[in-house]
Amino acid sequence: MKLFNFEINIDKQNIAAFFSNRKRNIILIVLAALFVINLILGAVSEHIVALMPEMNGAERWSENHRMAQISLYFTEDQMVEEDGIKRLEYNLEKKMTEVGITVETYYDLDELPANENNQQVIETIRIEDMGEEPKGEEKGPKLSDLYASCYSAQGLVTISFENRTAENVNAIGVGGDFFIIHPLTLVAGSFFDKDSLMKDAVIIDEELAWQLFGSSDVIDQMVSIGGIPHYIRGVVKKDTGRMRKAAGLDESYVYLSYDSLSRYGEILSGRTQSKEASEDGNTALTGGINCYEVIMPNPVDGIALKSVKESTGVDDKYIYAIDNTDRFSFFSILKVIKEFGTRSMWGKPIFYPYWENTARGWEDVLGVLLFFRILCVMILVISLVIWIVHLYRHKTWGSRDIIEYLADKKYEFESRRRHYEKEKDLL
C-alpha cells in the first residue's frame, strides 16, 4: 500500500504542476481547438455533400444491394441521338449479364423493384425490340428493372404566354427517369416521365412562373414554345446559393422532353443535324445529347463505371465518365488536392450541365476543407507522439514498479471481495 500512497502523492504533485505550467495549458488548449475544428470541418463537408441530392442517388437506392450512380458526358463534337442511347443501354444490359448481374440475383421473382418513394422503375426500351410489333406483357421483373437511367441535352427555348415572352430561356431536354435521378423540389404540380404519351409537358421554376404569370399557381396553363402549345405540369423551386448560381442557376430553367427541345428549341450541348419536316411542319434536330446518367447495381467496386464506359463504344477521348457514389469520399477528394493547379486544365470540350458544374465546384471546396482537416490531424498526432516520448524519457518508474503496483491493486480487490462476502454471510 505504500507504493499506492506514493503514487497518489505523485498525482497531486503532477496536478499542481499542470495548473502552474502556463505553456503546457496553452498547448493543450490549442490541441483541443484543433480537434474541435476538425470535427466542425467534417460536419461542414457532410452538409455540402447533402446539398447535392442529384449526386446521391445510389445512397437512396442502396437499401438491399450495392448500387452506383454513373454520370457519362460526351464531347461537343459527338452527335449522340436517342437511338444511340438505346444501343448504349442494350450493350449495358449485356455487360450486366456478363458480370453476373441478373434479376434472379437481385430480386425474388415475385417482387418488383421500387425506389425510396415506392415508384416502380420505368422499363428501358431495348434496341433489339425497335421496329417490332408490341408483344404480350412479360410477367415478373426484367433486367431493365434493376436500374434507372436518363439522358439530357442543354439548349435554349422561347416561351410565350398571351402578351408576355421569355426569350432564350435555359432549357434541359430530358428523357428517361430524369426526375427520379434529379429529385427537384416541387412547389406545385408533378413531374412527367418517359411513359407520358404526350410530349408537350414542361416543368418551369418559380422565377419563370412569376415572370410569365405573376404566380406559381400555374398548373395546366398553356404556353407556346416555337409556336406550339405546351402545358405546365409542375413548378419547381430553384436552388440558391453562390455555387449554384455560378454553375448556371442564376437564370431561369425549363425542363421539357428532348423531343420538344429538338423540334422547337436550339440545342447547344452537342453536334446536331436537321431531320426531315415532321408532321406539324417543323424541322426537327437530331443529336445533341451529351449527358447520360444511370443508377445500377455495383457488386464489385468499379464494375458499374467500367460497364457504362465500355457500352458506349466510343473512345475515351470523346467521353468523360465518373462514379458519383464515392465521388466525395476521402481518397477521391485527396486526388482533387493532388491535382491542384492542373485540375482546371481540361482538354475535352464538354458542355457541362449546371449539376455537374456544381459538383466540380464543391469538389474544390471539399479539397480545401480536407487539406485543413489533414493538417489538424497531423498536428494532433505529432503532438501526441512527442508527449508520449517525453513521458517515457522522464519517467520516474520502471517495469518493477508497475508490477508491484498491479499486485497491490489485485490484493486490494481481493480483500474487498472477501470483506463483502463475509458481510453477505452475516446477513
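Here, every reference points to the structure presented above.
Scope of this entry: the structure provided in the associated data block. Just so we're clear, the structure is a prediction, and the values are computed from it rather than from any experiment.

### Here's the deal with the packing of helix H2 (residues 22-50) against helix H12 (residues 354-393)
Reasoning step 1: Two elements in contact, H2 and H12, have axes whose closest approach is 9 Å; the angle formed by their N-to-C orientations is 155°. The angle between the axes of H2 and H12 places the two elements in the roughly antiparallel class. Of the two elements, H2 crosses H12, and the hand of that crossing is left-handed. Packed against H2, whose contacting residues are Leu 31, Leu 34, Phe 35, Ile 37, Asn 38, Leu 41, Gly 42, Val 44, Ser 45, Ile 48 and Val 49, the element H12 presents Trp 362, Val 365, Leu 366, Leu 369, Phe 372, Arg 373, Cys 376, Val 377, Ile 379, Leu 380 and Ser 383 at the interface.
Reasoning step 2: Residues of the contact of H2 with H12, tallied by class, amount to 17 nonpolar, 4 polar and 1 charged.

### So, the packing of aromatic side chains
Reasoning step 1: Counted according to the given criterion, the structure contains 16 aromatic pairs.
Reasoning step 2: Note on Tyr 151 and Tyr 258: the rings are 6.2 Å apart at their centroids and 75° apart in plane angle, and the pair reads as edge-to-face. Placement of Tyr 151 in strand E2 (residues 148-161) and of Tyr 258 in helix H9 (residues 258-264) is noted, with a sequence separation of 107 residues between them. Across the pair, Tyr 258 and Tyr 151 agree in class, each one buried.
Reasoning step 3: Three or more aromatic residues joined by ring pairs form one cluster here, namely Phe 178, Phe 179, Phe 191, Phe 192, Tyr 253, Tyr 255, Tyr 354 and Trp 355.

### Here we look at a nonpolar patch on the surface
Reasoning step 1: On the surface, a cluster of nonpolar side chains totalling about 440 Å² of accessible area is made up of Phe 35, Val 36, Leu 39, Ile 40 and Val 44.
Reasoning step 2: Tracing the chain through its elements places Leu 39 in helix H2.

### Observations regarding the environment of Ile 374
Reasoning step 1: Assignment of secondary structure puts Ile 374 in helix H12.
Reasoning step 2: Sequence-wise, Ile 374 and Asn 38 are 336 residues apart; in three dimensions their C-alpha atoms are separated by 8.3 Å.
Reasoning step 3: Residues contacting Ile 374, with those up to four places away along its chain left out, are Phe 330 and Leu 334.

Each value, and the rule that gives it
Residues numbered from 1 in each chain as written. Predicted model: local features only at pLDDT ≥ 70, side-chain atom pairs only at ≥ 80, totals over all residues. Heavy atoms only, no water. Axes fitted to C-alpha atoms, helices over the stretch in contact; angles between N-to-C directions. Helix = DSSP H or I, 4+ residues; strand = E, 2+ residues; numbered from the N terminus. Parallel < 35°, antiparallel > 145°, perpendicular 65-115°, else oblique. Left-handed = near helix turned anticlockwise from the far one by under 90°. Contact = heavy atoms within 4.5 Å. Nonpolar A, V, L, I, M, F, W, Y, C, P; charged D, E, K, R; others polar. Phe/Tyr/Trp six-rings, centres within 6.5 Å; stacked < 30°, edge-to-face > 60°. Buried < 20%, exposed > 50% of the residue type's maximum accessible area, 1.4 Å probe, protein only. Patch = residues over 30% accessible without salt bridge, like charges linked within 9 Å, V, L, I, M, F, W, Y side chains within 5 Å. Areas by Shrake-Rupley, 256 points an atom, 1.4 Å probe, with all protein chains shown as cover. Salt bridge = Lys/Arg side-chain N within 4 Å of Asp/Glu carboxyl O.

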